[in-house]
Amino acid sequence: MINRRTFSKAVGLGTGAAAVSLSGLRANASAATAEQAPGHTSVPALPAIKPGAHTGFRTLKHVKAGVLDIGYAEAGPTHGPVVICLHGWPYDIHSFVDVAPLLADLGYRVIVPYLRGHGSTRFLSGNTPRSAEQSAIALDAIALMDALDIHKAVLAGFDWGSRTADIIAALWPERVKALVSTSGYLITDRKAQLEPAAPAVEHNWWYQWYFATERGKKAMENPDERVALCRYVWTLVSPNWSFDDATFQRTAQAFENPDHAAVVVHNYRWRIGLVDGERRYDRYEKQLAAQPPIGVPTITLDPALDPFTPAGDGSAYRRHFTGPYEHRTIADIGHNLPQEAPATFAQAVVDADHL
């Protein structure tokens, strides 16, 4: 999940005055772009799609990249412009199961990797620490791009995926053509994490404090309790999403990864300063502690029913984005935006690519 300090103003599930429904409206707006001023590229409008129209990916692959053997889904033409979609926790590649074909139909090559500790992604060595500081996950994505000979891509994500994409855009902007970041600027400020937030915000982060205990660690290490916990989180952070058992079970298989519990627990304990990261990542974390700006073309998305979304119009993090920029608040949608509103998310990817 995301950064509690970034969203210290989030005190409930209110949609906020700025919320608008973009599921169909944005496609209509995009259809009018042929009337833009000369020199602007027309932006394709995506068709409406019912969430859950797809249940899986046609192509699943593996590649050795950095410290991992990364499992990933791929859709679209091999030589198309690349979009890399990055999931969060407790989710997996199926968050983009409807997004990927929409983009592939427009000619994009869509890459959707399992993050470390998820699905078919494995560590190459048993000696590699099962750590999950933010820069480690970002460097996994860079290693994937290198292994697939991808110099530059549009990055789009939510939750851990937004943070990962934000980090790459901030530290390696030459690798990012454009960015779609759900919930805004999520680069973790560990120093700020040491300070208390508003009570309602702390309440939203109950599982972070749970994972800080041995009791929470044991729950994550127990397969049945882990699945029950993850499903409960889904219901809390996406209150309008009526997912069925089959939808959840497709993702829950990713939690069977032998390193899942260790990676997730380390990530949340590391954020609040309870454990150290690996020394190999220290120099990157030092850069990230300065909260570096992001200058690549960016669209930020705030799901209005996500308990971690602050009320307002994205102004809380606007200063971090210094390049071409657009913000959208999505009404009636919760935390897992790409799976709950795939056409809206995919349209944001296309629009960011044309900023």
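Everything numeric here is computed off the predicted structure, so don't read it as measured data.

Draft legend 1. Spotlight on unusual backbone geometry. Of the consecutive residues Trp89 and Pro90, the connecting peptide bond is found in the cis state with omega at 0 degrees. Structurally, the position occupied by Pro90 is in the loop between strand S3 (82-86) and helix H2 (99-104). Positive phi, close to 60 degrees, is recorded for Asp149, a residue that is not glycine. Residue placement: Asp149 occurs in the loop between helix H3 (134-147) and strand S6 (153-157). Judged by its relative accessible area of 72%, Asp149 falls in the exposed class.

Draft legend 2. Representation of the pairing of strand S8 (residues 298-303) within the structure. The buried count for S8 comes to 6 of 6 residues, which makes it a mostly enclosed element. Every second residue of S8 is oriented toward a common face, with Thr298, Thr300 and Asp302 on one face and Ile299, Leu301 and Pro303 on the other, all of them buried. Both strand S7 (residues 176-182) and S8 contribute to a ladder of 4 bridges, which runs parallel. Bridged to Ser181 within S8 is Thr300. Bridge count between S8 and strand S9 (residues 325-330): 6 bridges; the pairing is parallel. Following the sheet pairing, Leu301 is matched in S9 by Arg328.

Draft legend 3. Representation of helix H11 (residues 260-271) within the structure. Between its first and last C-alpha atoms H11 spans 17 Å; for 12 residues at 1.5 Å apiece the expected length is 16 Å, and the two agree. Extensive coverage of H11 is indicated by the burial of 11 of its 12 residues. Those residues of H11 lying buried are His260, Ala261, Val263, Val264, Val265, His266, Asn267, Tyr268, Arg269, Trp270 and Arg271.

Draft legend 4. Here's a closer look at helix H4 (residues 160-171). For H4, which comprises 12 residues, the first-to-last C-alpha distance of 17 Å matches the rise-based estimate of 16 Å (1.5 Å per residue) to within 8%. Judged by how many residues are buried, H4 sits mostly within the fold: 12 of 12 residues are covered. Every buried residue of H4 is listed here: Trp160, Gly161, Ser162, Arg163, Thr164, Ala165, Asp166, Ile167, Ile168, Ala169, Ala170 and Leu171. Where H4 is buried, its residues meet S3, H3, S6, S7, H11 and helix H12 (282-289).

Draft legend 5. Seen up close, the packing of aromatic side chains. Following the criterion strictly, the structure yields 25 aromatic pairs and no others. On the numbers, 6.2 Å between centres and 80 degrees between planes, the contact of Tyr317 with Phe321 is edge-to-face. Judged by its relative accessible area of 3%, Phe321 is buried.

Draft legend 6. The side chain of Ser131, seen in detail. With respect to the secondary-structure elements, Ser131 resides in the loop between strand S5 (122-123) and H3. With a relative accessible area of 3%, Ser131 lands in the buried category. In this structure the side chain of Ser131 is engaged in a polar contact, spanning 2.8 Å, whose partner is the side chain of Glu278. The residues contacting Ser131, other than those within four sequence positions of it, are Arg116, His266, Glu278 and Tyr281.

Draft legend 7. Region of interest: the pattern of salt bridges. All told, the structure shown has 12 salt bridges when counted by the stated rule. Among the ionic pairs, Asp351 bridges to Arg328, the shortest N-O distance being 2.8 Å. You can see Asp351 sitting in helix H14 (residues 342-353) and its partner Arg328 sitting in strand S9, a full 23 residues away along the chain. Side by side, Asp351 and Arg328 carry an identical accessibility label, which is buried. Connected through shared salt-bridge partners, Lys61, Glu74 and Arg109 make up one network.

Draft legend 8. Layout of the environment of Ala45. Assignment of secondary structure puts Ala45 in the loop between helix H1 (25-31) and strand S1 (59-65). The class of Ala45 is partly exposed, set by a relative accessible area of 35%. With 301 residues separating them in the primary sequence, Ala45 and Ala346 have C-alpha atoms 9.8 Å apart.

Draft legend 9. Highlighting the confidence of the model for the protein. Averaged over all residues, the pLDDT of the protein is 90; the fraction at 70 or higher stands at 88%. Across the protein, S3 holds the top mean pLDDT of 99, while H1 sits lowest at 34. A low-confidence stretch, residues 7-40 stays under pLDDT 50, and its non-local contacts, those more than four residues away or across chains, total 63 contacts.

Draft legend 10. Local environment of the environment of Ala100. For Ala100, the location among the structural elements is in helix H2. When its relative accessible area of 1% is taken as the criterion, Ala100 is described as buried. If we ignore the near neighbours within four places in the chain, the residues touching Ala100 are Phe57, Ala75 and Val110.

Draft legend 11. Highlighting the pairing of S1. Relative to strand S2 (residues 68-75), S1 runs antiparallel, the two sharing 7 bridges. Note that in S2 the partner of Val63 across the bridge is Ile70. Count of turn residues in the S1/S2 antiparallel hairpin: 2 residues, of which Gly66 carries a positive phi of about 65 degrees.

Calculation notes
- Residues numbered from 1 in each chain as written.
- Predicted model: local features only at pLDDT ≥ 70, side-chain atom pairs only at ≥ 80, totals over all residues.
- Heavy atoms only, no water.
- Helix = DSSP H or I, 4+ residues; strand = E, 2+ residues; numbered from the N terminus.
- Buried < 20%, exposed > 50% of the residue type's maximum accessible area, 1.4 Å probe, protein only.
- Pairing = 2+ DSSP bridges.
- Expected span 1.5 Å × (residues − 1).
- Contact = heavy atoms within 4.5 Å.
- Phe/Tyr/Trp six-rings, centres within 6.5 Å; stacked < 30°, edge-to-face > 60°.
- Polar contact = N/O pair within 3.5 Å; in protein donor to acceptor, adjacent residues only side chain to side chain.
- Salt bridge = Lys/Arg side-chain N within 4 Å of Asp/Glu carboxyl O.
- pLDDT = per-residue confidence, 0-100.

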